[in-house]
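Fold and contact review
Spelled out, the chains give:
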Amino acid sequence: MISFNNVSCTFSNKGGIKNTNFIINEGDFVFITGHSGAGKTTILRLIYMDLFPEIGEVTIRNYSSKKIKQKEIPHLRRKVGMLFQDFRLFPDRNVYQNVAISLYAAHYDLHDVKNKTFNMLEQLGIKNKWHHKPNELSGGEQQRVALARALIINPMVLLADEPTGNLDPKASIELLNLLYEINQNGTAVIMATHDYSLIKRIPEYRLLQVSDSKMVSIT
Amino acid sequence: MIVITFLIKEGFKSLIRSKYAGAFAILVIWIALIIVGLGFITARDALVTVNDIKTQFDIDIFLKKTSTPLEIKDLATTLTRMREIEEVEFISIDKAANIFEEEFGEDIFEILDYNPLPPSFTISLNRLYRNPTSVESIISKLRNEEIIDEIKYRKKFLLLLEKYQQTVLIVIVFIFLFLTLMSVLLISHSIKMTIFSRREIINTLKLIGATNNFIRSPFIIEGLLQGFIASCLASITIFLISYIQNNYLQPIFNYQIIIGYSYYISMIIFGSFMGFIGSIKAIRRFLA
Ligand SMILES: Nc1ncnc2c1ncn2[C@@H]1O[C@H](COP(=O)(O)OP(=O)(O)O)[C@@H](O)[C@H]1O
Ligand SMILES: [Mg+2]
């Protein structure tokens, strides 16, 4: 589903990622680990084509980094859900609107937006907070809003860039349980983290280790 | 369709969120449109009132004394057929003598023993052609008519009028262009500020798969709304001004402001169009 074929993408400070090869399959749960600055975020940005490799090729289903047109990027992004350490919610919208906008932006089936959105909020246990603004929520709740926003358009893969970075241990574990549940339902999850204690929460996972801009190993 | 409704709502919200920047742009454009709108009416009335002095544009065509009735009849037909001409009056030599007597109180035959006055036509022009250029063009058309001896018209007056009209027109066009440009720039600036303050949100929208059009539309709608609101306000203001003038101030300023619906509609279309251009300009720079 996702393949990196001899990918190099480096920045002026020599950071980034070099000569990387791997394949991620449908339904995989992959952790990307490595110290800060190792290149985890770079890999994720290459997947959602926010960055393009200088050498090599990234392919996601039938989208290739070599061939994709600027116009097609939104379509790719609708297949790829994203979570960030800082949540990236829309601060001036309430919980409901933060999630529903995803349907509009993705031109997803707009039949019954209300029901779909409330169902999603219910699944993630934040339905009763639907009218709150993000800054009125705890970190764990905000990340769940972000998760709802990503999942509501049925992505094939969920990318999470240190999603527990701003969460307390309890909320972190809750989020991991949610991610596991999502993965069990068939969505691939790729999560960058340097918190090894969280990894063992997932019974079956793959591990992609990066260090100093190089992939050290993949299981 | 649902997406379009959503984006229009977003445009409204965006305008409301922009608070002072948006309100300021609307205020200034409102005032600018009042100036442009009243300027237009003043110019129209100033130019048209002069054109209403119908006889100032009359042309006297003096014929050769040798012209035969048939030739005169032919010319009369030619003249009546010209679309610039509203009325053709033939003044025979007898009639000319009568006019002479009326004006000078003396019978021409008593002075000269014969009638030296030539037959002539006096033509008055259609409203649309009461301007110096048209007068000149009519005269040049008649120049090769054999039986015409001399054409007289108020050349000095027409030249003066032309100068006056040109000056008014240039001033109006200049003010118009200046205010239009200023309005477009203001809208563009206000939209730029909105885009700038929302750049993180724009990035997030890109991440969740929004197309450029989806991201841009609310800003375009916001600009369009600014122009629309400002021009509606300006229309209402001008309507009130004309209403007050026509109903209460008539005794003081003897002047009736006549404005048709099309004027207001044009103003609103024009205002919205300015808003549209302004936001397109902002987007081209900042959301490419
Ligand atoms: N936009 C950028 N410009 C310059 N250097 C960057 C940029 N993004 C990342 N880097 C550098 O690339 C390296 C890897 O960054 P990143 O992939 O974000 O690491 P990680 O997510 O593992 O902490 C770092 O040294 C960082 O400074
Ligand atoms: Mg990172």
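Before any of the text, the structure's been laid out above.
Definitions and limits used
Residues numbered from 1 in each chain as written. Chains lettered and ligands numbered in written order. Predicted model: local features only at pLDDT ≥ 70, side-chain atom pairs only at ≥ 80, totals over all residues. Heavy atoms only, no water. Pairing = 2+ DSSP bridges. Helix = DSSP H or I, 4+ residues; strand = E, 2+ residues; numbered from the N terminus. Axes fitted to C-alpha atoms, helices over the stretch in contact; angles between N-to-C directions. Near = heavy atom within 4 Å. Polar contact = N/O pair within 3.5 Å; in protein donor to acceptor, adjacent residues only side chain to side chain. Areas by Shrake-Rupley, 256 points an atom, 1.4 Å probe, with all protein chains shown as cover. Phe/Tyr/Trp six-rings, centres within 6.5 Å; stacked < 30°, edge-to-face > 60°. Buried < 20%, exposed > 50% of the residue type's maximum accessible area, 1.4 Å probe, protein only. Lys NZ or Arg CZ within 6 Å of the ring centre and 35° of its normal.

The next thing to look at is the sheet that holds strand S2 (residues 85-91) of chain B. Residues and elements named next belong to chain B. Pairing within the open sheet is antiparallel, and its 4 strands lie in the order S2-S3-S1-S4. A single partner strand is all that each edge strand has here, and the edge strands are S2 and strand S4 (148-152). Here the strands of the sheet are splayed against their neighbours by 20° on average, with no regard to which way each runs. Strand direction decides the pairing type here: strand S1 (residues 59-63) and S4, joined by 4 bridges, are antiparallel. When the bridges of S4 are listed, phenylalanine 62 appears paired with glutamate 150.

Attention now moves to the site of ligand 1. Residues and elements named next belong to chain A. In the vicinity of ligand 1, the contacting residues are Phe11, Asn13, Gly15, Gly16, His35, Ser36, Gly37, Ala38, Gly39, Lys40, Thr41 and Thr42. Measuring from an oxygen atom of ligand 1, one finds a backbone N or O atom of lysine 40 at 2.8 Å. Taking 560 Å² as the accessible area of ligand 1 by itself, protein coverage stands at 65%. For the shell around ligand 1, the leading source of residues is helix H1 (residues 40-47), giving 3 residues.

Taken as a whole and assessed by the stated rule, the structure comprises 15 aromatic pairs over all chains. On the basis of an interplanar angle of 20° and a centroid distance of 4.4 Å, the ring pair of Phe4(A) and Phe22(A) is categorised as stacked. Of this pair, Phe4(A) sits in strand S1 (residues 2-10) while Phe22(A) sits in strand S2 (residues 16-24), and the two are 18 residues apart along the sequence. The class for Phe4(A) is buried, based on a relative accessible area of 2%. Between Phe90(B) and Phe121(B), the ring centres sit 5.2 Å apart and the planes meet at 55°, which makes this aromatic pair tilted. Linking Phe90(B) in strand S2 with Phe121(B) in strand S3 (residues 120-125), this pair joins segments that are 31 residues apart in sequence. Residue classification places Phe121(B) among the buried positions, given a relative accessible area of 1%. Members of the aromatic cluster, joined through ring pairs, are Phe40(B), Phe239(B), Tyr243(B), Tyr263(B) and Tyr264(B). A cation over a ring is seen here: Arg93(A) above Phe90(A), with NZ or CZ 5.5 Å from the ring centre. Between the NZ or CZ atom of Arg199(B) and the centre of the ring of Phe196(B), over which it lies, the distance is 4.0 Å.

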